[in-house]
Each structure stands twice: as C-alpha cells, then as structure tokens.
Amino acid sequence: MRKKSILLSVLASASMWTYAQTTHINFDQDKDFRKAKYLYLTETYKAAQDKFEKVLDNQDVPRHTEEASEFYASLVALINNERGAEERFLAFQDNYPKSIYVREGSWELGSFYLRNGDYDKAYQYLRMGNLNDLPERKRMEYQFKLGYVSVMKGNKREGLRQLEPLTRSGKYQDEASYYVGHIYYADKDFDKAFTFFDELRNRNPKYETKVLPYMVQIEFNNEQYDQAIADGQTLLNQNRDKFIQSEVSKIVGESYFKLKKYDEAIPYLEAYTGEKTNADYYQLGYAYYQKNDYPTAISLFNKITGEKNPLAQTAYYQLGNAYLQSEMQREALTAFKSASEMDFNKEVQEDAAYNYAKLSYEIGNPFVGTPQVLQAFTEKYPRSKYNTEINEYLVDAFISSGNYKNALDVLAKVKSKTSHQSAAEQQAAFLYGTELMKEGKVAQAEPYFAMAAASNSKVEFKARALFWQGEANYRQDKFDRALTNFKAFKTLGHKVPETKELEYQLGYTYLKLRQYKNSADAFETYIATNPPGEFKADAKLRLADAYIGSKETSKALGLYQEIADQKSNLSDEAAFNSAVVLGILGQNDEKIVALENFIRDYQTSKYFENARLELAEAYLRKGDNTKAMNQLDALIRHGKAEMVARAKLRKGLVYYNEEKNSQALGEFKSVAEDYPRTQLALQAVDNAKRIYIEENNLSEFERWANSLGYYAIDQSELENLAYQSAKKTFDDKKYHDAIAQLKSFLSKYPKSAYANAAHYSLGESYYLTENYSAAQESLLFVAGSNNEFQEDALLRLSQIYIQEKQETEALLALENLNKITSNPAYKTFTEIHLMRLYSAKGQHSKAVDMANMVLANAKNETAVLQEAELTLARSLFNSNKKNQAREAYAKLEKAASSAVKAEALYYKAWFLNKDKKYSDSNEVVFGLASRYSEQQYWGSKALVVMADNYYNLKDIYQANATLDAVIENYQDYPDVIEEATSLKKKIKR
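Just so it is clear, the model here is predicted, and its values are computed rather than measured.

Quick notes on the rules
Residues numbered from 1 in each chain as written. Predicted model: local features only at pLDDT ≥ 70, side-chain atom pairs only at ≥ 80, totals over all residues. Heavy atoms only, no water. Helix = DSSP H or I, 4+ residues; strand = E, 2+ residues; numbered from the N terminus. Buried < 20%, exposed > 50% of the residue type's maximum accessible area, 1.4 Å probe, protein only. Contact = heavy atoms within 4.5 Å. UniProt positions renumbered as here; feature names shortened; annotations may be inferred. Arc of directions from axis to C-beta. Salt bridge = Lys/Arg side-chain N within 4 Å of Asp/Glu carboxyl O. Phe/Tyr/Trp six-rings, centres within 6.5 Å; stacked < 30°, edge-to-face > 60°. Patch = residues over 30% accessible without salt bridge, like charges linked within 9 Å, V, L, I, M, F, W, Y side chains within 5 Å. Areas by Shrake-Rupley, 256 points an atom, 1.4 Å probe, with all protein chains shown as cover. Lys, Arg positive; Asp, Glu negative; His and termini not counted. Charge placed at Lys NZ, Arg CZ, Asp CG, Glu CD. Core = buried A, V, L, I, M, F, W, Y, C linked by side-chain atoms within 4.5 Å. Expected span 1.5 Å × (residues − 1). Axes fitted to C-alpha atoms, helices over the stretch in contact; angles between N-to-C directions. Parallel < 35°, antiparallel > 145°, perpendicular 65-115°, else oblique. Left-handed = near helix turned anticlockwise from the far one by under 90°. Nonpolar A, V, L, I, M, F, W, Y, C, P; charged D, E, K, R; others polar.

## Describing the side chain of threonine 830
- Along the chain, threonine 830 turns up in helix H45 (residues 824–840).
- Its relative accessible area of 0% is what places threonine 830 among the buried residues.
- With residues up to four places along the chain from it excluded, the contact list for threonine 830 reads Leu814, Leu817 and Asn818.

Rendered as structure tokens:
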C-alpha cells in the first residue's frame, strides 16, 4: 500500500504565550521598589517597569536594591519584547556574574529567544533552570516551552519527554496533545498519533481543522477508506486553504478509487493541484477508463511514457485496453507490445503478450512478422491457456503472409489434426507448390501439389492441386503423368479458375504424346469456349499442328492461313507453317509465293531465317538454283551461327550437284572449320570426304581432316558406341550413372566430334543433381564456341548464375544468349532476367529497354508484365518525374507479386505523406507492413514514413515507439536505419 503524508506547516504557527516569573526574594527597603515588585507579580509589566526604572534613577539606592531593580527591569523588557532587551539582560549577567538572579532569569531569556524564533538559544537557556524549583503553574508553562523548542530543533525524543506528561490535564493539555500526536505521526506510529488527535478533536472542537489532515491520512494508510472519505469531506468543508484542499482532495479521491467508486473519485483526483506523478495519471486514467471515457483515459495513460517499472507496465496494458475500446487497434498493438516487454507482473505480461499476438494476427504487425510474434508467444508460454487459439492463428498467419513452408512444418508436428488444421495443411501445400512454380522450381513443387490433391478437406484446393500437378509434370516432360493429373481434374468436375484452361492443357499434353486426334479434340473444345485473343490464336495454331500429325493437312492449312490473316503476335508462325504445309501438299509454287511474302512482311520474325532456308529449298525444288543461292547467300551474310552453317552446307550441296566440286569443297570446309565438333561439321566432313574420294585425293583429305583436331579418318566404332550408350543413360534420366559414363567418354575421346554434345549432357546431369559448380565447368566449354548446344548451355548457365546470385556472370551469359538466340522461349527468358539485373544494378536505361520488350510480349505471365511496369515506375521516380511515377505505381497496387505490390504501396504511403494526408498514409503503411511482412525492406521503409506521420500528428509516443522498433529489428538495412535515426533526432529537437 502506498503511504502518504501531508506536510503541513502548522508547527510554525505556534501559540504566543505570555510569561510571568515568580521570585523568591522580597525587597522591603523602600516603597517604590515594593510597589514595582507588586506590579510585576500581578503581571502588570509596563507599570512595573516604569517603577523599577524610577528606583534605578535614584542615586541613593542601595546596592542590593539596585541589583534587584536592574534584574526585574531587564526581565520585564524581555517579557515585553522591547528593543535592546536581550543586550540589557546579558549586560546584567556581565555586571552581576554572581547574582542569585542570573539562574532565575534564564527562563525569561529562553522565552524571549523562543518568541523571536531563535530556538538554539531558547533551548540553551530554558535547559539552564530546574523545573522542579518552579511553582506548578510556571513549571507547566516552561515545561511546555522546553518541549516545544525541542520539537522545533528536531529533538523529538526530548520533546516527547517534556510534552507527553502535559497531555493528561492542565492548561497546556490540548496544545501538548497536538504536538505529541504530530511527533508520533512523524515517527509513523500512526495508531498512537491517531489516538492523541482523536481525543483532542473530541475534547476541543477548535482543533478539528488542525488534526483532521493527519487523521484522514492515517485512515487512508490503514485502509479505512470510508472513514477517510467522511473525515476528508468534513475537512474540505471547514478549511478552504488551497494546499489543504488539494492534498485532502487527493486522499479522498484515492479512497474512492480504492473502493472502486471511480465516478466519485474523478472530481477529487482532478482537484489535486500539486505536481502529478505517474501514479496520479494512472489512477485518474483508470477511473476514466472505468467510466467508459476512453479518449480521456488514453490521454492520461499516454503521459506515463519512457519508464520501465511496475506502474508503467500496468499503464501500458490499460492503455492497450482503452485503445481497443476506442477501436484503435493499431495503437493498442503498440501499447500491448510495450507491456509485454516488461516482466514486473508476470500475469499482466502474459495477457499483454496474448493481446499483442492476437492483434498481430487480426490486423497485422508492422514491426515484426505476425508468425514471428505468434511463435514467440508459444515458445515463451508453452503452458498458456491461450496456446490452442494462438497455434491456429499461427498456421493461418503463415499462410496469409506467404510462409507456406513454415505452416506445413508446424502442422507436420501435429499428430491428430482437427478438420481446420487439415484444411489449412491442404491450402498451405497447394500455395507452397504454386510459389515454387513461380520460382521455376518445378520438380520441388510437384510433391506439394500431390499432397494437396490427396486431401479431401476442400474440393477447391484438391481440384486446383490436380491441375497444377499436371502442369508441373508437363514442364518436366512427364507427359503421361501430366495426362493422368489432367484427367483426374476433369473427372472431379469442380469448377475453379483453372477449369477454363483444362482443354488447352490437355491439347498440349496429347500433342506431346503424339495423340494427335485427342489433341485436336481438346483444342477444338477449348476454342469453342471463345478464350481470350492470344490464347485462342495459340490454340488454333496448335490445333493446326495436331491436324498435321493426324494427316488432316488441308484443315491445318486453313487454320494457319486464318491465323496469319489476323495479324496477331502469332501471325508470323502461322504464315511460316502455312508455307511449309503448301510444300507438303506439293504446291511448291504457292509455297514460294508464301515464303516470299513472309520475308517481305516479317523481317524481324524469329522464323525469318528458317523461311529463307525453306525458300531456298523451294527454289531448288523448282530448279531455280540462282534464286536459291541468293537466299542462301543472304542467310550467310545476316543469319545467326547455326543457320549460317546450315546455309553453307546446303550451298555446298548445290555446288556439288552442279559438279562445282571446288566451290562445294570450300563451303564444306568452312562449316567443318568454323563450327567444330557439331553434327553439321561432321556432315560437312563426310560431304568433303566424298569429293576427295571422287577426285582420288585421299591423302589431301587425310591431311585436312587431321588438321581439324576432332575428326579421325578411321574413327573407331567404339567411340560412337560409347557416346550413344552414355547418351541413352542421360535420355533415360539416370543422371548419376550418366555422369560417370560421360566423364569416361570425354576422358577417352577429349577431341571427339561428340565432345560438345557430351559436355552439354554432362553439365545438364550435374545441374539436375544440383552440383552447380561442376555443371558450370562443362557448360562453359559448350558455351564458348559456335555449336548446336551453345544456346542451351548459355541458358542453363544463366539459370545457375541467377540461382547462385552470381550477378556479373549471369549478366554476361544472358547478354550473349539474347544476342545469338532466335528461340522465342529463350528470348523471353533473357529479356525478363536482363530487365531484373539491369534494374538491380541501377542501369535504368537498359532496364527500361528490356522492360518494353517484356511488355511487348503478350504471352508473358501477368506477374512478369507487372514487374516490367514496376521497372518503368522506378525509372520515372529516379528521373524525378514524380507525378508520372505516382500513376505508374498506382497501377501496380493490385499486382500479383507481393514484392511488386509492397513497393507500390510504399510509394503510395510516401506520396500521401507528401500530401500531408498523414492518417491515410498510415492506413496504407499498416496494411503493407502487416500483410506483406516477408517484404522486410519495403515494410521497414514504410514504418519510417509511419513514424513521420505520427510525428506530424503530434503523437510522439507512437512515433518514437515505431522508430525504436525499426532500429531494433531492421539492422540489415543500413539506409533504413539511417532514415529512422535521423527522424528520431528531429523528434527530440
């Protein structure tokens, strides 16, 4: 219990006493002296003094009469408190050092000093006399004086010894009782003090106003709150002194507070005008809280900040409750957090931690990830009554924050799952699988889709998991398994977003399995649903491919021509395929016209070089070798590596057929020398070999062939068998065995014509067994020269570098691949990843160029397109085009990618802060930081904006609490810490 005391300056207002001194000496010498002494004895001091002065004026006065008269004259001067009285009496002592009057005069000299407030001298002289020598009336007077002056000097023990006997009766009973009560009160002997005060109050009502302050305080300390209230109210009505009014009001208010009569407590607590402590703010705040006046309670609780003690912990806890009642959950979160970080009251700490965790789950947590808060609670309070509830929140929080793997890990430890937990596990497995798919980790994703598909908790997730399991198997070339998944999805028959894509996926899967009739049926069904433009065109294109496979060539031609006429992104592929089909149908002239039109209309198409080669073949078939050679020459001048080799090889065959062996040999040699260790090079060597044999010049052939360094004239059949065996093991996906065979092959035949193929397969095997460093060595060998595996090697190297965060190497590989490839899928891959790397390195101009290429490709996934839009937004912001940047970021607020959305929301909050819409900005920050806690960089930057908002809203507590959380939790981001520290210094100023 908190003990109180009122420091009342009552002792300073001591009663003024009149003093009289009784003498034992009689003077009968003359009439004036006797008259003067009579007047003195009757306490007629002024008249007595005049008489004594008259005696002294007499020149013939006897020595003893003069001594007595001087004594009484100086004594009366002391009694009358005349000017110079002290000096006169001390002079008497000096003049008559052996006088019998000196000791007797010490009483009056002490009284004189007492009246003048010189307690040290008063005490000195009052102690010189012997109280027992005095008559009763005087003895009691001087005993009281000695007791009083002892108290005033702080000698309470002496004061109590002198005063307590006087409390039984007599003239000084009441005053002595008052001071004795005060002494006991000061010594905290409240029971005795109360007894003296209570008896005095009952005996003499005049003392009531003096003793009630002490009695009220004692009653409060003794938990007699009703009596403290009653006596306090009496005192407040009697004594209007401002100090008394303030102090007693506080006691009455606290008494009501202790009795939980909060409405009655408030006016008295507010009447206290002294300097309020944190305890005062707490009591008043809690009273208002109980009165449901939450805004006032909040304002009072908020005054208790910056401390760590039991009262602060309780205040933060009640502040959190008041915020909750005011529907200010975000502010409540901060208050409960502060209370939970103090351990003075373990019960309050646990309850605060529970509320902090629960609010984190309900509204999100801008300081720390919600799952982290929930996990911390279960770890700290493993036996808490709240744990079942918190564990369910934890799983949901992991799922809602995108930490699906953590949710699965938590659920894996639960042996007997509830239906809610089983459903959560199915959902988490499905979502984790989709996350892995987005990261390109298709093989790792498939088992999680299988887990979700095996659960019957929610048919929606079961269906979607089946679909994506099929997609994962398809991307791994496991087409039989993919077909099984897609069929199971179709049989389940539950409509989900993926349902509209089923026939499209089935069409592709059947096409890969060469079940062309089934593929055509699936694509026809899909097209009948009237899908979006690009997908419809692609489906028609693949339907035409299926028609080709099922020998329905005319149908295929019609579709190709229809798509080509639509002038879409697929028109070039359709137009090229249309020309090829015309050739299949034997319509060579029509094929030539179609290809000539293609070359005219689609000069930037990825099929452009293939079209030139096909046109050259068509001209040759027609017998127009000149036009054919023109096309081949154009391809050699402007084509990419592999197409140049093919063109030269074909040109050599034309020369050979025209019996121009010298020109033919030149083309074949060029291919063999410029594209070593490729299949095209081997074909070129074989063709050259035929010419040398025809010309009977085998020695020259042997010399030339040996100079190539990779071709042996008598190449052993064993070499070919060794390679084919290793390749079969690789094709069968037995990668560990393939590694051993391929390494053995390359060791025996390091300069084999199959070296590039073997090195590529070896690198791919290492990659698929996750030995990335070994994979790099083999793939770099292949990527370093022109060959048919160069693009594949560069692609795989790029993927490894990106995964291993080797940005410089990734950039070089991607740039090389982008430069040489005509493969649409590879082109798309390089554009996306170059955009990301350029952006990360601050090369905004190059990033924007790549972003525009990404945006121009409608086949890119939505998330990728949004990422490209983000690159543009960043460029605008960094170029100080803030308004345009704001518009660009606004479009990205609904992005599929949480990283993109987090950045867009940060800038939304930033712009609102600059608009001085601080509360609106806080709404955005809270949503960002709590819902996308895994995006820690943008979340932490947004918290600094939130702190600035609070600062501008004059909520210094929330501003500082937010900045403290940033500085404590985000040390990994120095730029954010610098911002937070700078703002904290600004707030302190």
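Right, picking up where we left off after that structure.
## Details of the environment of aspartate 545
- With respect to the helices, strands and loops of the structure, aspartate 545 is situated in helix H29 (residues 533–549).
- For the pair aspartate 545 and alanine 664, spaced 119 residues apart in sequence, the C-alpha to C-alpha distance is 36 Å.
- Among all residues touching aspartate 545, those that are not within four sequence positions of it are Leu511, Tyr560 and Asn577.

## Comments concerning the UniProt feature "repeat: TPR" (unreviewed entry) in the chain
- UniProt annotation of "repeat: TPR" (unreviewed entry) refers to residues 174–207, 313–346 and 500–533 when read in the numbering used here.
- Counting secondary structure, residues 174–207 comes out at 79% helix and 0% strand; the distance between its end C-alpha atoms is 8 Å.
- With 74% helix and 0% strand, the stretch residues 500–533 has end C-alpha atoms that lie 14 Å from each other.

## Observations regarding unusual backbone geometry
- Even without being glycine, aspartate 477 reaches a positive phi, approximately 65 degrees.
- Within the secondary structure, aspartate 477 is located in the loop between helix H25 (459–475) and helix H26 (479–492).
- Although it is not a glycine, arginine 677 adopts a positive phi angle of roughly 65 degrees.
- Within the secondary structure, arginine 677 is located in the loop between helix H36 (661–674) and helix H37 (679–694).

## A word on helix H22 (residues 404–412)
- Looking at H22, one finds that the buried residues are Tyr404, Ala407, Leu408, Val410 and Leu411. The buried side chains of H22 occupy one side of the element, clustering within an arc of 160 degrees when seen end-on.

## Some thoughts on the pattern of salt bridges
- Tallying each qualifying case throughout the model produces 46 salt bridges.
- Ionic pairing is found between lysine 337 and glutamate 341, a salt bridge with its closest N-O pair at 2.8 Å.
- For aspartate 732, the salt bridge is made with lysine 728, and the minimal N-O distance between the two is 3.0 Å.
- Taking relative accessible area as the criterion, lysine 728 reaches 52% and is therefore assigned exposed.

## Some thoughts on the packing of aromatic side chains
- Scanning the model with the defined rule gives 60 aromatic pairs in all.
- Look at tyrosine 178 and tyrosine 207: their rings are 6.1 Å apart centre to centre, the planes differ by 40 degrees, and that puts the pair in the tilted class. Of this pair, tyrosine 178 sits in helix H9 (residues 173–186) while tyrosine 207 sits in the loop between helix H10 (190–203) and helix H11 (208–221), and the two are 29 residues apart along the sequence. Residues tyrosine 178 and tyrosine 207 agree in their burial class; the two are buried.
- Ring geometry for tyrosine 906 and tryptophan 938: centres 5.4 Å apart, planes at 40 degrees, overall tilted. One end of the pair, tyrosine 906, is in helix H49 (residues 898–914); the other, tryptophan 938, is in helix H51 (residues 936–952), with 32 residues separating them in the sequence.

## What about a positive patch on the surface?
- Taken together, the side chains of Lys31, Arg34, Lys35 and Lys54 define a basic patch exposed on the protein surface.
- If you tally residues by element for the positive patch, the top one is helix H1 (residues 31–41), at three residues.
- Its location among the elements puts lysine 35 in helix H1.

## Looking at the nonpolar core
- Ranked by size, the top nonpolar core spans 273 residues in total, and within it Tyr40, Tyr710 and Tyr889 carry the most contacts.
- Core analysis: the second largest hydrophobic core is formed by 47 residues, Ala726, Tyr767, Leu797 and Met835 among them.

## Details of helix H28 (residues 516–528)
- A rise of 1.5 Å per residue sets the reference length of H28, with its 13 residues, at 18 Å; its end C-alpha atoms lie 18 Å apart and thus fit the reference within 8%.
- All buried positions along H28 are accounted for by Ser519, Ala520, Ala522, Phe523, Tyr526 and Ile527. Buried residues along H28 cover an arc of 165 degrees about the axis, so they all sit on one side.
- Where H28 ends, the next residue or the one after it, asparagine 530, has phi of about 55 degrees, a positive value.

## Overview of the environment of isoleucine 363
- Position of isoleucine 363 among the secondary structure elements: in helix H19 (residues 346–363).
- Using a relative accessible area of 25% as the deciding quantity, one classes isoleucine 363 as partly exposed.
- Considering only alpha carbons, one finds isoleucine 363 and serine 930, 567 residues apart in sequence, at a separation of 7.1 Å.
- Not counting residues within four places of it along the chain, the set of residues in contact with isoleucine 363 comprises Gln329, Arg330, Phe926 and Ser930.

## Let's talk about the packing of H25 against helix H27 (residues 502–512)
- Contact pair H25 / H27: the axes reach a minimum separation of 11 Å and the direction vectors enclose 30 degrees. Here H25 is positioned roughly parallel relative to H27, judged by the angle of their axes. As for how H25 packs across H27, the hand of that crossing is left-handed. Of the residues in H27, those in contact with Phe467, Glu471 and Tyr474 of H25 are Leu502, Gln505, Tyr508, Thr509 and Lys512.
- Tallied by class, residues from the contact of H25 with H27 come to four nonpolar, two polar and two charged.

## Notes on the packing of helix H13 (residues 242–258) against helix H15 (residues 278–290)
- Two elements in contact, H13 and H15, have axes whose closest approach is 11 Å; the angle formed by their N-to-C orientations is 50 degrees. The orientation of H13 relative to H15 falls into the category oblique. Regarding H13 and H15, the two cross each other, and that crossing is left-handed. Together, Lys250, Glu254 and Phe257 of H13 and Asp280, Gln283, Tyr286 and Ala287 of H15 make up the contact between the two elements.
- Here the residues of the contact of H13 with H15 are counted per class, giving three nonpolar, one polar and three charged.

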